[in-house]
Each structure stands twice: as structure tokens, then as C-alpha cells.
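# Chain and residue survey
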Amino acid sequence: MKQSVRVALVGDYRASAVAHQAIPPAVQLAATSLSLNVTADWIATPEIDLPRLHDYDAVWVVPGSPFLNDAGVFDVIRWARESGKPFLGSCAGFQYAVVEYARNVLGWEDAGHAETDPDARWVIAPLACSLVEQRGEVTFEPGSRIAQAYGALQSNEGYHCNFGVNAEFSEALATRNLRITSWDLEGDVRGVELTDHPFFVATLFQSERAALQNRLSPLVVAWLQAAQ
């Protein structure tokens, strides 16, 4: 009998978003590869209820900022980080995970996202060049969870974003248990993970897009493995 796993997809679904089109098949392909029965529930951000999330085996904060309920998304990320719940963040999920960490672990109370908080300290800032519907090479730190998931130290990945980690803060971000483990060819941050968490991985790139070519997303596979 196949093991059953229940996962929460947190974000505001838009049928026109390429990443949102890719996520359901990405989960299904990964589930099939692991011989799992996976129930994936999409939870719109106005409907976030933290006690309800306790029933899920893993959480994915999906692309699509600004969210309709930013505060709820930050609460979900903090809860997943503090509780040890397997967490995946892509694109906006990555951006919000970085801001949440800066605020609640590093104590940067004024940390914010340039898209939604123009008066904050921009931990997430406008990119010098837009990555909307762009692809690029990313490199992974040897031994990192991302590298282990891919079984490689490099990949070509797709994006849909105009914001990323502010280079002025990247070094300071990685002073505790947050580890920067993926970069683009110019050295800009493209992925992070926590060193003391069962599975907490977030990337600016959208690995789920592989499913649109009927290919596995290594990170979705690794996330479901953690959910097991």
C-alpha cells in the first residue's frame, strides 16, 4: 500500500501564472516517482489558518507576490521554520522567507520587501535586470540540500521575478543558521536553506517549471521525501 502524504500549497492561485500551472503536475510527477499518494491542497492567503496547517505534512509557499494576506504568509513561514515542518519556497516564497528570517531571527524589525514596503530596509530589492520569463545558469554549494537534490552542482532554471536579495545584506544574512547555497553566474543569491531544520529550502528560481516538460523537479521530490 502506498504511503499517503498531505501538503499545503500556500498562495493566491492564478490560472495565468506559469508557475501555478506547473505546480500540480510537479507534485504529481514527484509523488509518482516516490510511490506516494499525495493530496495537495491550495490555500489562498486570506484563508490561512495556522492550526489547520498542523494537519499537513509539508508546506510550500508558492510564487505570486504581492499576496492578498502578506501577514498570514509571514506567519506560515515563521511557523514552518520554528516547528520543523518541511518547507519549500519558490520565487515569492523565497523572497518572503528571507524577509521573515531577517525580521525574526536577525532582529531586523524594519526588514522588508521593496514591492510592498517602500519605507523598509530592503532585504529584497529590485533586480538590476528583470528575470520575468528568463532562464539562467545557477550553481549549488557542494553538499547542500539543493545540490544533493539535483545530484549536480549546476542547473539551468526559469524565473518570473523582478526582485531578489539585496547584495548589501547577503553576507549578513548568512551569519547564523541560514546558509546561502545557490547563486547565479554573477554571484547573486538564488537559493537558501537552514542548517538546523529537517527541510527548509527556498529558491528564487522556479524549479517546478520542469514539470511543463514532463520532467521531475528535484526540489519537489526532496520536499516530498521530507514530508514522508
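The coordinates are above.
Quick caveat, the model's predicted, so the values are computed rather than measured.

Turning to the sheet that holds strand β5 (residues 111-113), a few remarks are in order. Here we have three strands laid out as an open sheet, ordered β5-β6-β9, and mixed in their pairing. For this open sheet the edge positions go to β5 and β9 (163-165), each flanked by a neighbour on one side alone. Averaged over all pairs of adjacent strands, the angle between their axes in this sheet comes to 35°, without regard to strand direction. Taken strand by strand, helix α4 (residues 92-104) contacts β5, β6 (121-126) and β9, and its axis lies near 165° from that of β5.

Right, let's talk about the packing of aromatic side chains for a bit. Given two aromatic rings, one states the distance between the centres and the angle between the planes to describe the pair. Tallied over the entire structure, the rule returns eight aromatic pairs. When the ring of Phe67 is compared with that of Tyr96, the centres are 4.9 Å apart and the planes differ by 75°; the resulting orientation is edge-to-face. You can see Phe67 sitting in the loop between β3 (58-61) and α3 (70-83) and its partner Tyr96 sitting in helix α4, a full 29 residues away along the chain. Judged by relative accessible area, Phe67 falls into the buried class, the value being 6%. You can call Tyr96 buried: its relative accessible area is 1%. When the centroid spacing of 5.5 Å and the interplanar angle of 55° are considered together, the rings of Trp108 and Phe169 count as tilted. Taken as a pair, Trp108 in the loop between α4 and β5 and Phe169 in the loop between β9 and α6 (170-173) lie far apart in primary sequence, 61 residues in all. The burial state of Trp108 is the same as that of Phe169; both residues are buried.

To continue, consider the pairing of strand β11 (residues 189-194). Within a regular strand, the side chains alternate between the two sheet faces. For β11, a buried count of six out of six residues is recorded, marking the element as mostly surrounded by other parts of the structure. Across five bridges, strand β10 (residues 178-184) lies against β11 in antiparallel orientation. Each bridged residue has a counterpart across the sheet, and for Trp183 the counterpart in β11 is Val189. Between the end of β10 and the start of β11, which pair antiparallel, lie four residues, with Gly187 showing a positive phi angle near 90°.

Bringing the layout of surface pockets into the picture now. Taken as a whole, the largest pocket spans an internal volume of roughly 380 Å³. Forming the walls of the largest pocket are 20 residues, and the residues nearest its centre are Leu127, Leu131, Asp184, Asp188 and Arg190. When residues of the lining of the largest pocket are traced back to their parent elements, those giving at least two are β6, β7 (135-140), β9 and β11. Sort the elements by how many residues they give to the lining of the largest pocket and β7 lands first, with three residues. There is about 280 Å³ of room inside the second largest pocket.

The rules behind these values
- Position numbers for residues count from 1 along each chain, tracking the sequence in the order it is written.
- Local features in this predicted model are restricted to residues whose pLDDT is 70 or higher, and side-chain atom pairs enter the listing and the counts only when it is 80 or higher, whereas totals over whole chains, interfaces and linings include all residues.
- Excluded from the side-chain calculations are hydrogens and water; all other atoms, namely the structure's heavy atoms, are used.
- Strand pairing is assigned whenever DSSP detects at least two bridges linking the two strands.
- Where helices and strands are cited, they refer to DSSP runs of H or I of at least four residues and of E of at least two residues respectively, numbered from the N terminus.
- Note on geometry: axes are lines fitted to C-alpha atoms, helical ones only across the stretch in contact, with angles between N-to-C directions running from 0 to 180 degrees.
- The contact criterion used is simple: two residues touch if any of their non-hydrogen atoms lie within 4.5 Å.
- Ring pairs are drawn from Phe, Tyr and Trp, using the six-membered ring of Trp, whenever the two centres fall within 6.5 Å, and their geometry is named by plane angle: stacked under 30 degrees, edge-to-face over 60, tilted for the rest.
- The cut-offs for exposure are 20% and 50% of the maximum accessible area for each residue type, with area from a 1.4 Å probe on protein chains only; residues under the lower value are buried, those over the upper are exposed, and the others partly exposed.
- Cavities and pockets were defined on a 1 Å grid built over protein atoms only: a cavity is a set of grid points that admits a 1.4 Å probe from which the probe cannot escape, a pocket is an open set flanked by protein on both sides within 12 Å along at least five of seven lines, and lining residues are those with an atom within 4 Å of any such point.
- Grid points are joined across faces, edges and corners, and a volume is the space filled by probe spheres set on the points.

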